[in-house]
Amino acid sequence: HVFAVRPKPEGTVEGQSIINMNVRGKRGNIVQTYPGVEYDYQPNRMEMDSGDFIHIQWTGANSNPQNNAGQGRAGTDRHNMVLLREITWPKEGAFQDPAMGCFACNYPEFITPTTNFLGLAQSELMSLAYMDNMQYYGDMDELDDAGTHYSMIKQITKRGIYRYLCTRNNNFTNRSQKGEIRVM
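Residues numbered from 1 in each chain as written. Predicted model: local features only at pLDDT ≥ 70, side-chain atom pairs only at ≥ 80, totals over all residues. Heavy atoms only, no water.

Let's talk about the overall build of the chain
Counting its secondary structure elements, the chain contains two helices and eight strands. Listing the helices and strands of the chain from first to last along the sequence gives β-α-β-β-β-β-α-β-β-β. The globule rule puts the C-alpha radius of gyration for 184 residues at 16 Å, and the 17 Å found for the chain is close to it. Taking the principal axes of its C-alpha atoms as reference, the chain extends roughly 50 × 45 × 35 Å. Evaluated residue by residue, the chain yields a buried proportion of 39% over its 184 residues. In the chain, of all internal contacts separated by at least 6 residues, the share reaching a separation of at least 24 is 65%. As displayed, the chain has an accessible area near 10800 Å², and 52% of this comes from carbon and sulfur atoms. Counting 18 positive and 20 negative side-chain charges, the chain places the centres of these two groups 3 Å from one another. (Helix = DSSP H or I, 4+ residues; strand = E, 2+ residues; numbered from the N terminus. Rg over C-alpha atoms; globule rule 2.2 N^0.38 Å. Buried < 20%, exposed > 50% of the residue type's maximum accessible area, 1.4 Å probe, protein only. Contact = heavy atoms within 4.5 Å. Areas by Shrake-Rupley, 256 points an atom, 1.4 Å probe, with all protein chains shown as cover. Lys, Arg positive; Asp, Glu negative; His and termini not counted. Charge placed at Lys NZ, Arg CZ, Asp CG, Glu CD.)

Pasting the structure below:
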């Protein structure tokens, strides 16, 4: 493993926060990962001020135990980060909040030029979804041929509540990798 400390990104000022957001856990069900945990964003609920920087990063591997449960090619782990879709059929009187994305929905939002996720550009949203917007080959429906490492540092100025998921590590049962960022 390699650990690198890099200089602060251009545009930061003394005392300005850079918040780290990554992934923890291991491929497999709760029994197979013990004493570790199944995949989760870390932190999975985050609050930050408008103008703070966020460092979104994670690593994957091709050397997990071949028989551990999970989506995608055996022995691999991959991650991504996509805005959750809004509730499809709102129910009258149901709790409604101003968040982008609904935790009860297990499907990603379509990425369009107007998709609002942290105020990121469409190209940055595609990068978060596919780990590299230059990926035009291989099996990408479960990110099998995506790279194992991802890193993006961005200043976030768009206020709001954003809920997101990993499209690979979500099999509609108890395995659900989701998170929330509140930009105040």
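Here the narrative resumes.
Focus: helix H2 (residues 122–130)
Looking only at H2, the buried set comprises Glu-124, Leu-125, Ser-127, Leu-128 and Ala-129. Buried residues along H2 sit in contact with strand S4 (53–59), strand S5 (82–83) and strand S6 (149–155).

Points about the side chain of Asn-64
In this structure, Asn-64 sits in the loop between S4 and S5. A polar side-chain atom of Asn-64 sits 3.5 Å from a polar atom in the side chain of Asp-77. (Polar contact = N/O pair within 3.5 Å; in protein donor to acceptor, adjacent residues only side chain to side chain.)

What to know about the sheet that holds strand S8 (residues 176–183)
If you walk across this open sheet you meet the four strands as S3-S8-S7-S5, and the pairing is mixed. The open sheet terminates on both sides in strands that have one partner only, identified here as strand S3 (45–48) and S5. In this sheet, S8 lies alongside strand S7 (residues 160–170) in antiparallel orientation, the contact comprising seven bridges. Within the sheet, the bridge partner assigned to Asn-170 lies in S8 and is Ser-176. (Pairing = 2+ DSSP bridges.)

Looking at unusual backbone geometry
Cis geometry marks the peptide bond from Tyr-34 to Pro-35, where omega comes out at 5 degrees. Of note, Pro-35 is situated in the loop between helix H1 (30–33) and strand S2 (40–42). Of the consecutive residues Gln-42 and Pro-43, the connecting peptide bond is found in the cis state with omega at -5 degrees.

Brief notes about the packing of aromatic side chains
Counting across every chain of the model gives four aromatic pairs. Through pairs of rings, three or more aromatic residues link up here, namely Tyr-41, Phe-117, Tyr-162 and Tyr-164. (Phe/Tyr/Trp six-rings, centres within 6.5 Å; stacked < 30°, edge-to-face > 60°.)

Section: the pattern of salt bridges
Tallied over the entire structure, the rule returns four salt bridges. Between Glu-180 and Arg-163 there is a salt bridge, with the nearest N and O atoms lying 2.6 Å from each other. Of this pair, Glu-180 sits in strand S8 while Arg-163 sits in strand S7, and the two are 17 residues apart along the sequence. Classification of Arg-163 as buried rests on a relative accessible area of 9%. Glu-180 is paired through a salt bridge with Arg-182; the nearest N and O atoms lie 2.8 Å apart. For Arg-182, a relative accessible area of 27% corresponds to the partly exposed category. When salt bridges with common partners are traced through the structure, they connect Arg-163, Glu-180 and Arg-182 into a single cluster. (Salt bridge = Lys/Arg side-chain N within 4 Å of Asp/Glu carboxyl O.)

Some thoughts on the state of the cysteines
For the coordinates displayed, the defined rule picks out zero disulfides. No disulfide involves Cys-102; its nearest neighbouring cysteine sulfur is the one of Cys-105, lying 3.7 Å away. The class of Cys-102 is buried, set by a relative accessible area of 16%. A relative accessible area of 10% means that Cys-105 is categorised as buried. (Disulfide = S-S within 2.5 Å.)

Notes on the side chain of Asp-77
Tracing the backbone shows Asp-77 in the loop between S4 and S5. Buried charge without a partner: Asp-77 forms no salt bridge, and the closest opposite charge is Arg-78, 4.6 Å away. Within polar-contact distance, the side chain of Asp-77 engages the side chain of Tyr-39 at 3.2 Å.

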